[in-house]
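# Residue-level structure breakdown
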Amino acid sequence: MRLGERAVLAGKRREAGKDELFGFGRGKHGPAKLNGDAAEGTEEMNIRLCLPAASVPLSGIMSPSIRDPFARPLRDLRISVTDRCNFRCPYCMPKEVFGAGYAFLRDPQLMTPVEIKRIVRAFLTLGVEKVCLTAGEPLLRADVPHLVRTLKMDLGLPDVALTTNGWLLEKLAPALRAAGLDRINVSVDSLDDGTAGRMNGLGFSVTRVLRGIDAAAALGLPVKINCVVQRGVNDHELIALCEYFRARGHTLRFIEFMDVGNTNHWSSDRVVPAREIVERIGSVWPLEAAGPAYRGEVAARYKYRDGRGEIGLISSVTEPFCRDCHRARLSADGRLYTCLFASLGWDLLGCLRAGADDAALARYLSRVCSGRLDRYSDERAELLAAGEGRAKV
């Protein structure tokens, strides 16, 4: 179900083998045809907890005001629809790890649209109001517009967003808009082709991404820009990035370089603190702090005093926001992660394929989410202040 462009190698059939090896290739993510071993590896506990115990209406399972032990509600769900990407950003999917020999998920291992719909419906009973489709690169999956339409029309979700690297956005923006997508986040780490090419790992020009942003904005899609800032890599472009996107009316969100996963060679020396970013930008265009647009918003907002928009700072390293985190994450193979930095997930897809009905799935989710104790970034900050390290949870 990969899009016809196969990253930048569109129409070059001789490159198809390489594309598949690097995770760019097409597949047909239709309903999974499972054999008897399809659910192999599902934890016995998960299956036992998820199997239906009785016929209970879904609406009677729980209150949408569910809270964890830190009194945090659950409002946002991020769904990875594929583990593949057509970029190899060193801070996310470095090519020396995710190269020709990397074993990406195959079609039967991925959630189908029907399975995603069932899982999201269960999350709605917990109070989830917003879904963001992510990946990998979500636009490599050809049924994403259909999935957006399902979430909006069939489930009635008030807020459906998508995060993309923008490479395929120019072509797909009309279909996404027609499907009912509410907003879009696009990653732009540099306006310089040389720096952008190093940061996407494959030498791709940023020009095509910028055209995609313009195409989405022209259709009326609200666009936000995400930029991962690394000292000595792209932090010299802070002012240029602000100038470009504020002129076009797009909110630019700077993200501190985070230790996500174990392959991105994270070092605290490469983190540009949010406070420093604000000071550097504020020296050119005075800024003033703005309150969150909603409870649990991860970006600290700063408005330009001249009234020409705002920036956001996502400061997981230097100013953690675990205390008010309202998010859960669903991997492409249907595992629930209650923290961005978690290395172990709860096998929701295994539950479905083992026979769980909607009520049993909702009951299982309630147990997991109401017991959530994650506060990795808070604990990392405490340990870094004490000169210690922190293992992934």
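These numbers were taken from a predicted model, which means no experiment stands behind them. (Residues numbered from 1 in each chain as written. Predicted model: local features only at pLDDT ≥ 70, side-chain atom pairs only at ≥ 80, totals over all residues. Heavy atoms only, no water.)

## Some details on the overall build of the protein chain
For the record, the criterion: Per the convention used, a helix needs a DSSP run of H or I reaching at least four residues, while a strand needs a run of E reaching at least two, with both numbered from the N terminus. Only protein chains enter the calculation, and the probe is 1.4 Å; a residue is then buried if its accessible area is under 20% of its type maximum, exposed if over 50%, and partly exposed in between. In this analysis, two residues are considered to be in contact whenever any of their non-hydrogen atoms come within 4.5 Å of each other. Here the accessible surface of atoms and residues is derived via Shrake-Rupley with a 1.4 Å probe, and residues count as covered only by protein chains that are part of the display.
Along its length, the protein chain carries 12 helices and 12 strands. Evaluated residue by residue, the protein chain yields a buried proportion of 52% over its 393 residues. For the protein chain, long-range pairs separated by at least 24 residues make up 73% of all intrachain contacts whose partners lie at least 6 apart in sequence. On the protein chain, roughly 17100 Å² of surface is accessible, and the fraction owed to carbon and sulfur atoms is 53%.

## A look at the pattern of salt bridges
This is how the line gets drawn: Think of a salt bridge as a Lys or Arg side-chain nitrogen and an Asp or Glu carboxyl oxygen that are within 4 Å of each other.
All chains considered together, the criterion is met by 20 salt bridges. Its salt-bridge partner being aspartate 235, residue arginine 280 comes within 3.3 Å of it at the nearest N-O pair. Within this pair, whereas arginine 280 is found in helix α9 (residues 274-282), its partner aspartate 235 is found in the loop between β5 (223-229) and α8 (238-246), the two being separated by 45 residues in sequence. A residue is classified by how much of its surface remains accessible, and arginine 280, at 27% relative accessible area, is partly exposed. Here the salt bridges do not stand alone but share partners, grouping Arg231, Asp235, Glu276 and Arg280 into one network.

## Description of the sheet that holds strand β11 (residues 335-337)
Remark on secondary structure: sheet strands pair via backbone hydrogen bonds, oriented parallel or antiparallel. As a reminder of what qualifies: For two strands to be treated as a pair, DSSP must find no fewer than two bridges joining them. In this description, a line fitted to the C-alpha atoms serves as the axis of each element, helices being fitted only across the stretch in contact, and the angle between N-to-C directions of two axes falls anywhere from 0 to 180 degrees.
Taking strand neighbours across the sheet as the criterion, the 12 strands line up as β7-β8-β9-β6-β5-β4-β3-β2-β1-β10-β11-β12 in an open arrangement whose pairing is mixed. Edge positions in the sheet fall to β7 (287-290) and β12 (346-347), since each has one partner strand and no second. Where strand β2 (residues 130-134) and strand β3 (residues 159-164) come together, four bridges link them in parallel fashion. Looking at β3, one finds that lysine 130 is bridged to aspartate 159. In the packing of α9 onto the sheet, the strands contacted are β5, β6 (251-256), β7, β8 (300-304) and β9 (310-314), and the crossing angle to β9 comes to about 160°.

## Points about the packing of aromatic side chains
The condition that has to hold: We call Phe, Tyr and Trp rings a pair once their centres come within 6.5 Å, taking the six-membered ring for Trp, and we label the pair stacked below 30 degrees between planes, edge-to-face above 60, and tilted otherwise.
The tally for this structure, following the rule as stated, stands at eight aromatic pairs. The interplanar angle of 50° and the centroid separation of 4.5 Å between the aromatic rings of phenylalanine 98 and tyrosine 102 together place this pair among those described as tilted. Tyrosine 102 gets classed as partly exposed once you look at its relative accessible area, which sits at 33%. Ring centres of tryptophan 285 and tyrosine 304 lie 6.1 Å apart, and the angle between their planes is 85°; this geometry places the pair in the edge-to-face category. A residue pair is termed long-range when its members are at least 10 positions apart, and tryptophan 285 in the loop between α9 and β7 and tyrosine 304 in strand β8 qualify at 19 residues. Residue tyrosine 304 is classed as buried on the basis of its relative accessible area, which comes to 4%.

## Some thoughts on the pairing of β3
On a regular strand, each side chain points to the face opposite its neighbour's, so the side chains alternate between the two faces of the sheet. We count it as follows: By the criterion used throughout, a crossover qualifies as right-handed when its path from the first strand across the helix to the second strand runs clockwise, the strands pointing away from the viewer.
Extensive coverage of β3 is indicated by the burial of six of its six residues. Burial along β3 is two-sided: Asp159, Ala161 and Thr163 and Val160, Leu162 and Thr164, pointing in opposite directions, are all buried. Note on the crossover from β2 through helix α4 (residues 144-154) to β3: the handedness is right-handed. In the sheet, β3 pairs with strand β4 (residues 183-187) via four bridges, with the strands oriented parallel. Residue alanine 161 lies in a different strand from β4, and its bridge partner there is arginine 183.

## Things to note about the environment of glycine 307
Within the fold, glycine 307 resides in the loop between β8 and β9. Each C-alpha atom, one on glycine 307 and one on leucine 287, is 9.7 Å from the other, the two residues being 20 residues apart in sequence.

## Here's the deal with the packing of α8 against α9
Keep this limit in mind: Roughly parallel covers angles under 35 degrees, roughly antiparallel covers those over 145, roughly perpendicular covers 65 to 115, and oblique covers all other angles. When the near helix sits turned anticlockwise from the far one by under a right angle, the crossing is termed left-handed; a clockwise turn instead gives a right-handed crossing. The classification used treats Ala, Val, Leu, Ile, Met, Phe, Trp, Tyr, Cys and Pro as nonpolar, Asp, Glu, Lys and Arg as charged, and all other residues, Gly among them, as polar.
Where α8 meets α9, the closest approach of the two axes is 10 Å, and the angle between their N-to-C directions is 65°. Here α8 is positioned roughly perpendicular relative to α9, judged by the angle of their axes. As for how α8 packs across α9, the hand of that crossing is right-handed. Here Leu238, Ile239 and Cys242 of α8 lie close against α9, whose contacting residues are Ile277, Arg280 and Ile281. When the residues that make up the contact of α8 with α9 are grouped by side-chain class, the tally is five nonpolar, no polar and one charged.

## Here's the deal with unusual backbone geometry
Glycine aside, residues mostly have negative phi angles, and peptide bonds mostly take the trans form. With phi around 65°, alanine 71 is a residue other than glycine that occupies positive phi space. Mapped onto the elements of the fold, alanine 71 is located in the loop between α2 (44-50) and β1 (76-80). Classification of alanine 71 by relative accessible area gives partly exposed; the value is 42%.

Limitation: the analysis is restricted to geometry and does not speak to function.
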